[in-house]
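So the chains spell out like this:
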Amino acid sequence: MGEENVVMMKDSLEDLEEVQLPEGYKLKTFSPGDEEKWVELMRNIFPESDWTVEKFKEAFASQPQFDPQGLFFIIKGEEYVATALGWFDDVNNKEMGRVHWVGVKEEHRGKGLGKAVVLAVLHYLRSQGSWKVILDTQEYRKPAIRLYETLGFKRA
Ligand SMILES: CC(C)(COP(=O)(O)OP(=O)(O)OC[C@H]1O[C@@H](n2cnc3c(N)ncnc32)[C@H](O)[C@@H]1OP(=O)(O)O)[C@@H](O)C(=O)NCCC(=O)NCCS
């Protein structure tokens, strides 16, 4: 129970809220060298995952739809604390974007960082021409499902 996949959709990107961050936190996009930071975050937030830099490159960075401007991090000082990726399942069709690999380190949760980093992705997807957005999650990820509902996603 709980492991089952949940698909959620948001069918409009009009009226997106602005991204707001608590004091001390900054939003940035991917720059070379952040591969390791992304993998560290994934291993911290999804301990069951076995991401490596090689796998990151294979799955994302080497793909035609990879755009450094669509991979977001929130940092506090030197520490990378949150991430989310804007993606396209079909590189030739940007009408539908995907919110992918969302996570906030446990010690930094409950401060609005998850909302901020997903909103950053939604603004990015809209800037690329998307008007609807899909994501996959799991039934047991209650905080994530709540977060996505807060942002206007509905179960598909
Ligand atoms: C889901 C996750 C990203 C939320 O990050 P966060 O920074 O704590 O979320 P925020 O503080 O931005 O919360 C925004 C909204 O999400 C909902 N929410 C977040 N955490 C919640 C919780 N524990 N219980 C219920 N609702 C929650 C609330 O609606 C909240 O709005 P509110 O604070 O005004 O009530 C974080 O819990 C996480 O990384 N979880 C593990 C990884 C994961 O499940 N990722 C998603 C994979 S699909």
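Preceding this paragraph is the structure being described.
Residues numbered from 1 in each chain as written. Predicted model: local features only at pLDDT ≥ 70, side-chain atom pairs only at ≥ 80, totals over all residues.

Asks: Give me the sheet that holds strand S3 (residues 71-76): which residues, what numbers.
Replies: By definition, the strands of a sheet pair up through backbone hydrogen bonds, in either a parallel or an antiparallel sense. Spatial ordering of the open sheet is given by S2-S3-S4-S5-S6-S1-S7, a layout of 7 strands whose pairing is mixed. Edge positions in the open sheet fall to strand S2 (26-29) and strand S7 (154-155), since each of these has one partner strand only. Relative to S7, strand S1 (residues 5-10) runs antiparallel, the two being bridged by 2 bridges. Its bridge partner lying in S7, Met-9 is registered against Lys-154. (Pairing = 2+ DSSP bridges. Helix = DSSP H or I, 4+ residues; strand = E, 2+ residues; numbered from the N terminus.)

Asks: Run through the site of the ligand, naming residues and quoting values.
Replies: Around the ligand lies a shell of 19 residues, among which Arg-109, Gly-114, Pro-143, Arg-146 and Leu-147 are the nearest. Elements with a contribution of two residues or more to the shell around the ligand: strand S5 (96-104), helix H3 (113-127) and helix H4 (142-150). With 6 residues, the top contributor of residues to the shell around the ligand is H4. Across the shell around the ligand, the residue classes tally to 7 nonpolar, 6 polar and 6 charged. (Near = placed C-beta within 6 Å. Nonpolar A, V, L, I, M, F, W, Y, C, P; charged D, E, K, R; others polar.)

Asks: Quick rundown of the nonpolar core? Include the residues and the values.
Replies: Membership of the largest hydrophobic core comes to 30 residues, with the highest contact counts inside it found for Ala-84, Val-117, Val-118 and Val-121. Breaking this core down by element, the ones donating at least two residues are S3, strand S4 (79-87), S5, H3 and strand S6 (132-138). Considering every element that reaches this core, the biggest residue donor is H3, with 10 residues. The contact partners of Val-118, leaving out residues within four places of it in the chain, are Ala-84, Val-99, Val-102, Leu-147 and Leu-151. (Core = buried A, V, L, I, M, F, W, Y, C linked by C-beta atoms within 7 Å. Buried ≥ 20, exposed ≤ 12 C-beta atoms within 10 Å, placed from the backbone. Contact = placed C-beta atoms within 7 Å.)

Asks: Outline the environment of Phe-73, supporting the account with residue identities and numerical values.
Replies: Following the sequence through the fold, Phe-73 ends up in strand S3. Judged by local crowding, Phe-73 falls into the buried class, with 21 C-beta atoms found within 10 Å. Beyond its immediate sequence surroundings of up to four residues, Phe-73 is in contact with Lys-28, Asp-34, Lys-37, Tyr-80, Ala-82 and Thr-83.

Asks: Give a detailed account of the pairing of S6, specifying residues and quantitative values.
Replies: Two faces, one strand: in a regular strand the side chains alternate between the faces of the sheet. Looking at chain direction, S1 and S6 are connected through 6 bridges and run antiparallel. Residue pairing for S6: Val-7 is matched across the bridge by Asp-136. After leaving S5, the chain enters H3 and then returns to the sheet as S6, a path that is right-handed. (Right-handed = clockwise from strand over helix to strand, strands pointing away.)

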